[in-house]
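Here is how the chains run, residue by residue.
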Amino acid sequence: MKPIYAIATLATALAAPAWAAGEWVTTAGAQAVYGSYNGSAQRDKVGGYGAVISSDYLERGGFTLGLNRTDVKMKPGNADIGQNALFASGKLNFNPDGVAGRLTGRMDVHAINNNDASGDTDGVKAYAPQISFLSYDKRRYFDLGYARSNYRNDLSVDQWTPTAGFALNDGADWVQLRCWFINPSNSARAQGKGSTSALEAKLTHWFGPKKPLGLDNVRLSALAGERIYAVDPDAGAVANLSDIQRNGASMGGEWKFGKSGSVLAVLSRENYRNATLANDYRLTSGYVWVAGQW
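Rules behind the numbers
Residues numbered from 1 in each chain as written. Predicted model: local features only at pLDDT ≥ 70, side-chain atom pairs only at ≥ 80, totals over all residues. Heavy atoms only, no water. Helix = DSSP H or I, 4+ residues; strand = E, 2+ residues; numbered from the N terminus. Rg over C-alpha atoms; globule rule 2.2 N^0.38 Å. Buried < 20%, exposed > 50% of the residue type's maximum accessible area, 1.4 Å probe, protein only. Contact = heavy atoms within 4.5 Å. Areas by Shrake-Rupley, 256 points an atom, 1.4 Å probe, with all protein chains shown as cover. Lys, Arg positive; Asp, Glu negative; His and termini not counted. Charge placed at Lys NZ, Arg CZ, Asp CG, Glu CD. Patch = residues over 30% accessible without salt bridge, like charges linked within 9 Å, V, L, I, M, F, W, Y side chains within 5 Å. Salt bridge = Lys/Arg side-chain N within 4 Å of Asp/Glu carboxyl O.

Right, let's talk about the overall build of the chain for a bit. Of the regular secondary structure elements, the chain holds one helix and 16 strands. For 294 residues, the compact-globule formula gives about 19 Å, and the C-alpha radius of gyration of the chain, at 19 Å, lands near that figure. Counting only residues that meet the buried cut, the chain has 45% of its 294 residues in that class. Across the chain, contacts joining residues at least 24 apart in sequence account for 55% of those joining residues at least 6 apart. Per element, the accessible surface of the chain, about 13900 Å² overall, is 60% carbon and sulfur. When the 30 basic and 26 acidic side-chain charges of the chain are each reduced to a single mean position, those positions are 3 Å apart.

Spelled out as structure tokens, the structure:
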């Protein structure tokens, strides 16, 4: 399963107001997701909800905590799965001499528990350090992320995610490109895959004073290639099912209210394959995030 946490992506962070509310700036929100599987031999629907709180101290660092509940309704003959996922992240910012930007060290920790009778997706622990660079003009971004996921029943997964981001059109657009290189230790637990790779592209566009339908920004993303057991540093989520994701796309929009409120809505479609059953299927889902900042 892939619980979705609404942790701010870099594009969202760049649009946030300057630190003016005090030494600490805190964002808290609630989220919900609902999706339907089309063509799956085992899965029917998925729903989830959760809460996230994130706080930054001046420009020195901060932390994020998230808790999410996900329920997968299975087809007849398969047991439903209920899952709880905990996410914790901390970061520190550095401004070394001779570097034309800010360096950030970040560490994410995931803990996942569910009622999977096989134990294959239960008791998952994932650790994901990352080092990133953001230029002082906020027009260039680079990071190198790593993740180590430990599963029961003889499986560990190593992941590398080099990423680049660029501002275009006087800052009205932000483009992010991320490569995914994932290496499971046991191909028998990974649909016969010893490795997978993918390229993900994201575009965020901010509107000016004239906001169509009141939208502050819109977001598009596309994934080409294959991922398995992926740990997503933007979503703060772990895909702990063994099915292979093969391409996907999403689109969404964000509305801002007053000085501190926001609503984000995203519609996505992801393609999967269960090689054991030779079953190709799709997941279509909708996601909503409501947040406030103080």
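Taken together, Trp-24, Ile-53, Phe-63 and Leu-65 make up a surface patch of nonpolar side chains, about 360 Å² in accessible area. Along the chain, the position of Trp-24 falls in strand E1 (residues 24–38).

Okay, the pattern of salt bridges next. Inspection of the entire model under this criterion finds 17 salt bridges. One salt bridge in this structure joins Asp-158 and Arg-148, with 3.0 Å as the shortest N-O distance. Residue Asp-158 is found in strand E8 (residues 155–168), and its partner Arg-148 is found in strand E7 (residues 140–151); the two are separated by ten residues along the sequence. Take Asp-158: its relative accessible area is 22%, and that puts it in the partly exposed class. Relative accessible area serves as the criterion here: at 31%, Arg-148 is assigned to the partly exposed category. Two residues, Glu-254 and Arg-219, come together in a salt bridge whose shortest N-O distance is 2.8 Å. With Glu-254 in strand E14 (residues 244–257) and Arg-219 in strand E11 (residues 215–227), this residue pair connects regions lying 35 residues apart in the sequence. Neither residue differs from the other here; Glu-254 and Arg-219 are each classed as buried. In the salt-bridge network here, residues are joined through shared partners; they are Lys-193, Glu-226, Arg-246, Arg-273 and Asp-280.

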